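One letter stands for each residue in the lines below.
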Amino acid sequence: MSADAGVAANSNSFSFPAEKMRMLIIKHPEWWAWFLSLFAWVLIVGNLFTNAHQTGHLSMITYCTPRGIVKVLGHSPFELHAVWKEEPVSSRILTTIRTGLLPWMIMVVAMMFPLLNEPIKHVAFSVKRKDMDLGIGGFLIGYIITWTAVGVMFLLLSFFLNLIIGDLSHFASALITASGFLLAAVFIWHPGRPIKMTKCGQTAPIRIQGWHLFLDSLFYGVKMGFNCFNTCWVPMAALVLAHHNIPLMFIVTAVIIHDRYLLPHTSKFTGYAWMVVAATLFIIGIL
Amino acid sequence: MKERKNVYLLPAGDTTLAWYSKAVVEMKKRPTTDPTSWNYQAAMHGFNASLSFWRGAAPLPSQTEQNQYWNQCQHGSWFFLPWHRMYLAYFEQIVAATIVKLGGPADWALPYWNYSDTSNPNARTIPPAFTNPNNATNGLWITGRVSDTIPPRYVTLGALNTIPYTGDGRTSPLGFGGPETGFSHSGGTHGQLESLPHDMVHVAIGGAMGDPRTAALDPIFWLHHANIDRLWQVWLNMAGGRINPNKSSWLDYNFYFHNAAGQSAQFTSKQVEDTRQVLSGYTYQGVPVGGPTLRTANALQNADFSTPLEITAATNQGVTLGSAKTVAHLGLNASPQKAVNLAATTNSAVSKPALTILHFENVTGKGVPPIYDVYLNEPQNGGDKESYYAGSVSFFGVEEASTPSVHQSGSGQHYALDISDLVNKLRSSPNWKDQQLDVSIEPSRAVDADASVNIGRISVYSE
């Protein structure tokens with residue numbers, strides 16, 4: 001082998017892994033969403049350890065007050081209850097939304113972004129490579145817009161439920177949460193559910209010219225957010241009722257990822273999984 | 001082991017088609033709820049009660065049974081070939097069992113229709129047994145066919161030159177068998193063989209054949225698909241890197257059918273790769289069968305790390321096709337810094353035409369539109385338009401793909417044409433402009449009043 005050939009061979013052996021990595025990143029633009037999801041989980045788990053140590057609760061925010069210092073994640077609703085009740089309703093609504101929305105969005109990023117492999121690839125490969133990040137960014141913003149609206153709705157619902165029903169015993173609270181997952185199980189058998197599931201695979205034409213690119217990606221994100229809400233709202237609502245219990249969040253995430261990527265959309269397996277979750281919560285409530 | 005024979009090479013006095021006709025008549029007598037009935041078998045491919053071809057099909061099986069067994073055909077997917085192979089195998093078993101019950105031979109095998117045989121001047125015409133007599137006394141006849149003869153450009157076999165099995169023309173070059181998908185009743189980009197000749201033959205014959213929801217009601221459907229199935233083996237025999245996918249998601253995916261006893265049965269792609277191992281086994285006349293070409297880990301690895309294609313131009317609005325020629329101008333950016341242009345379609349580093357793919361995305365529509373012929377930069381002053389012919393698209397199953405259902409998202413269809421050679425040729429023309437591409441789309445025959453096509457976006461992807 002000549003010296004030149006040897007140099008060329010060495011050069012190839014050094015550059016090949018880098019090129020492979022570049023190609024992997026280009027071919028799998030969904031890494032964006034998985035990275036953001038991982039980051040959200042780090043935030044959640046990081047706060048979990050900080051706050052669980054102080055309060056003994058593995059939950060995200062449910063109640064809080066504008067007075068004094070409020071921890072966003074992992075605090076106990078019961079310890080804040082007395083202060084909270086002194087506030088006027090309008091102030092409590094605003095506070096609920098203001099302080100509840102961020103944890104809600106972190107939860108959405110953590111749980112829902114891993115479900116977006118296909119729509120993200122659709123956007124990424126519909127536009128010029130240099131515009132890929134703009135398209136994906138627009139899509140994710142649109143997706144978050146839908147879920148933000150849903151979050152406001154859920155937080156208000158949760159607030160008024162609390163206002164009407166008042167404080168619940170540990171058992172009643174567990175029973176309501178278990179009922180939420182039971183409803184999620186029933187929803188799996190709903191005849192319209194497979195159609196909603198196929199809509200998770202919808203695509204849309206994306207224009208590649210200038211600001212059209214961003215807008216089309218954004219609207220596609222809004223649409224896909226709505227499609228995801230249509231299929232996932234019941235377990236997400238159940239999670240709100242469970243005060244965003246973090247181990248439960250993790251289980252629900254695993255179940256919906258399994259449902260999205262590994263099961264035919266006519267499968268009832270996820271229904272049984274929700275039943276197991278409901279039964280477990282019910283038993284925990286009794287104990 | 002059975003041999004599926006070329007229908008045009010059946011010897012004089014051969015009874016294959018006569019027995020097929022009798023079996024069809026017999027299967028049509030069975031109720032639609034019977035999995036071995038003609039209607040049930042056809043509905044496994046596609047069904048829609050509102051279509052006239054399905055009039056009188058009731059009573060129907062339960063909705064749960066329909067969801068599991070009906071509307072299962074795989075299109076725009078890497079499952080297109082294995083699913084239809086499975087489907088044909090059980091259908092052949094049911095027909096053969098019916099023929100035995102009627103007192104016929106025990107070794108009946110489905111013939112194939114090789115419409116691409118250039119040595120046979122009649123090859124492109126539906127075999128006469130299917131058209132004569134043209135009334136209900138003939139089990140092989142069906143009302144509503146638009147044409148008995150397929151134009152030559154719609155039966156060419158350029159697909160056999162495609163090396164990779166899998167590909168969508170965006171993240172990878174176009175594939176012979178279709179893009180990687182999950183269950184896909186009508187979804188991803190149609191594979192090369194599926195687009196031409198498969199889709200073309202369906203739409204050119206028209207009538208029931210023109211729509212996946214009724215296609216399998218036409219007895220010629222099964223001979224057409226036997227030929228497509230044969231071409232899969234022909235492609236494998238050509239070797240040179242032609243291999244089936246080796247991913248578990250292709251090999252192990254299960255599909256459900258019914259056997260000749262009417263019992264539920266299932267198949268995976270892995271189980272049908274070698275035709276000699278499918279049920280009692282079969283081969284095709286004149287097509288040797290080796291084992292499936294060995295797959296290598298390297299082949300997959302290399303495909304995974306190849307550069308994806310990149311979009312170079314696209315329309316900035318949807319395109320509606322009508323009964324006249326439609327010309328779509330691919331939109332370009334005003335800003336020179338961001339200009340989208342076709343300069344990238346030259347790969348000067350290797351002095352060969354870069355791979356250039358024309359895409360028709362999110363195609364929605366109604367009815368059974370005709371085949372549309374596509375021309376690039378066709379001169380307005382006439383002349384030899386064939387020099388500008390880029391290919392044809394058939395929109396087979398467009399109505400179904402436009403409607404969300406249990407089996408599809410409703411986002412429409414995707415078609416792709418390899419225009420590398422044509423773009424390279426056009427580039428040498430003095431009229432060529434790197435920042436302009438006009439795509440002319442022309443119907444090959446009159447458009448039915450109830451048919452329409454809307455293309456969400458036309459785009460060009462290049463290496």
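What you are looking at is a predicted structure, and each value in this text was computed from that prediction instead of being measured. (Residues numbered from 1 in each chain as written. Chains lettered and ligands numbered in written order. Predicted model: local features only at pLDDT ≥ 70, side-chain atom pairs only at ≥ 80, totals over all residues. Heavy atoms only, no water.)

### So, the overall build of chain A
As a reminder, the rule being used: Put simply, DSSP H or I for four residues or longer makes a helix, DSSP E for two residues or longer makes a strand, and each gets a number counted from the N terminus. Exposure categories follow from relative accessible area, calculated using a 1.4 Å probe and restricted to protein chains: below 20% of the type maximum is buried, above 50% is exposed, and the middle band is partly exposed. We call two residues in contact whenever any of their non-hydrogen atoms come within 4.5 Å of each other. Residue exposure ignores everything except the shown protein chains as possible cover, and the areas themselves are Shrake-Rupley values with a 1.4 Å probe.
Counting its secondary structure elements, chain A contains eleven helices and zero strands. If you list the helices and strands of chain A from N to C, you get α-α-α-α-α-α-α-α-α-α-α. The proportion of buried residues among the 287 residues of chain A is 51%. For chain A, the proportion of contacts with a sequence separation of at least 24, taken over those separated by at least 6, is 76%. On chain A, roughly 13700 Å² of surface is accessible, and the fraction owed to carbon and sulfur atoms is 73%.

### Structural notes on the UniProt feature "transmembrane region" (unreviewed entry) in chain A
Residues and elements named next belong to chain A. Defined as follows: UniProt positions are given in the numbering used here, feature names are shortened, and annotations may be inferred rather than shown by experiment.
Following the UniProt record, the feature "transmembrane region" (unreviewed entry) maps to residues 31–50, 93–116, 137–165, 171–189, 233–257 and 269–286 here. As annotated, residues 93–116 has a helix share of 83% and a strand share of 0%, and its two end C-alpha atoms lie 32 Å apart. With 95% helix and 0% strand, residues 171–189 has end C-alpha atoms that lie 27 Å from one another.

### As for the pairing of strand 15 (residues 452–462) of chain B
The two faces of a sheet get side chains in turn, since along a regular strand they alternate between them. Residues and elements named next belong to chain B. This is how the line gets drawn: Strands are labelled as partners when DSSP assigns at least two bridges between them.
Of all eleven residues making up strand 15, nine are buried, and the element is well covered by its neighbours. Taken together, the four bridges between strand 5 (residues 310–314) and strand 15 define a ladder with antiparallel strand orientation. Paired with A313 across the strands is V460, a residue of strand 15. Pairing of strand 6 (residues 319–321) with strand 15 involves three bridges; the strand directions are antiparallel.

### Here's the deal with the UniProt feature "domain: Tyrosinase copper-binding" (unreviewed entry) in chain B
In the numbering used here, UniProt assigns the feature "domain: Tyrosinase copper-binding" (unreviewed entry) to residues 75–92 and 218–229 of chain B. End C-alpha to end C-alpha, residues 75–92 of chain B measures 21 Å, and it is 72% helix and 0% strand.

### Side note on the interface of chain A and chain B
Note the cut-off: Put simply, buried area is how much 1.4 Å-probe accessible surface two parts lose in total, over both of them, once they are put together. The term salt bridge refers to a pairing of a side-chain nitrogen on Lys or Arg with a carboxyl oxygen on Asp or Glu at a separation within 4 Å. Pairs of N or O atoms are called polar contacts if they sit within 3.5 Å, as long as, within protein, a hydrogen donor faces a hydrogen acceptor (for residues adjacent in sequence, only side-chain-to-side-chain pairs). For this classification, Asp, Glu, Lys and Arg are treated as charged, while Ala, Val, Leu, Ile, Met, Phe, Trp, Tyr, Cys and Pro are nonpolar and the rest, including Gly, are polar.
Listed by partner, the interface residues are 28 residues for chain A and 33 residues for chain B. With both chains or domains summed, chain A and chain B bury close to 2700 Å², and 57% of this area falls on carbon and sulfur atoms. Between the two partners, chain A and chain B, sit zero salt bridges. Across the contact surface, chain A and chain B share twelve residue pairs in polar contact (both at pLDDT 80 or more). No other element matches the five residues that helix 1 (residues 3–27) of chain A contributes to the side of chain A that touches chain B. Residue composition of the side of chain A that touches chain B, grouped by class: eleven nonpolar, ten polar and seven charged.

### Here we look at the packing of aromatic side chains
Residues and elements named next belong to chain B. We apply this condition: Note on ring pairs: Phe, Tyr and Trp rings are taken, using the six-membered ring of Trp, and paired if centres are within 6.5 Å. Classes follow the plane angle, with under 30 degrees stacked, over 60 edge-to-face and the rest tilted. Comment: the charge-over-ring label is applied if NZ (Lys) or CZ (Arg) is within 6 Å of the ring centre and within 35 degrees of the ring normal.
One pass over the full model with this rule turns up 46 aromatic pairs over all chains. Each ring, one from W232 and one from W250, has its centre 6.4 Å from the other, and the planes form 80 degrees; the classification is edge-to-face. Residue W232 is found in helix 6 (residues 220–237), and its partner W250 is found in helix 7 (residues 248–251); the two are separated by 18 residues along the sequence. Accessibility expressed as a relative area gives 0% for W232, which makes it buried. For W250, a relative accessible area of 0% translates into the label buried. Put simply, the rings of W38, W83, Y87, Y90, F91, F221, W222, F257 and F267 pair up and form one aromatic cluster. The ring of Y282 is capped by R4, whose NZ or CZ atom sits 3.7 Å from the centre of that ring. Over the ring of Y389 we find R153; its NZ or CZ atom is 3.7 Å from the centre of that ring.

### Observations concerning the pairing of strand 2 (residues 254–258) of chain B
With five bridges joining them, strand 2 of chain B and strand 3 (residues 264–268) of chain B adopt antiparallel strand pairing. Its bridge partner being in strand 3 of chain B, N254(B) is matched across the sheet by T268(B).

### Some words on the pattern of salt bridges
By the definition in use, this model includes 21 salt bridges over all chains. In this structure, R193(A) engages D259(A) in a salt bridge whose closest nitrogen and oxygen atoms are separated by 2.9 Å. Residue R193(A) is located in helix 8 (residues 193–199), and its partner D259(A) is located in helix 10 (residues 246–262); the two are separated by 66 residues in the primary sequence. Like D259(A), R193(A) is buried. Residue R213(B) is joined to D211(B) by a salt bridge in which the shortest nitrogen-to-oxygen separation is 2.7 Å. R213(B) gets classed as buried once you look at its relative accessible area, which sits at 4%. Salt bridges linked by common partners bring R4(B), R85(B), E92(B) and D229(B) together as one network.

### Re the environment of L17(B)
Residue and element names in this part refer to chain B. Along the chain, the position of L17 falls in helix 1 (residues 16–29). Given a relative accessible area of 14%, L17 falls into the buried group. C-alpha of L17 to C-alpha of L110: the two residues are 93 residues apart in sequence and 8.9 Å apart in space. The residues contacting L17, other than those within four sequence positions of it, are V7, L10, P111, A129, F130, L140 and L223.

### Examining unusual backbone geometry
Residues and elements named next belong to chain B. Looking along the chain, the bond that leaves A58 and enters P59 is cis, with omega of 5 degrees. Topologically, P59 is positioned in the loop between helix 2 (38–45) and helix 3 (63–69). You will see that A239, though not glycine, has its phi angle at about 50 degrees, which is positive. Relative to the helices and strands, A239 resides in the loop between helix 6 and helix 7. The phi angle at L279 is positive, at roughly 50 degrees, despite the residue not being glycine. Judged by relative accessible area, L279 falls into the partly exposed class, the value being 34%.

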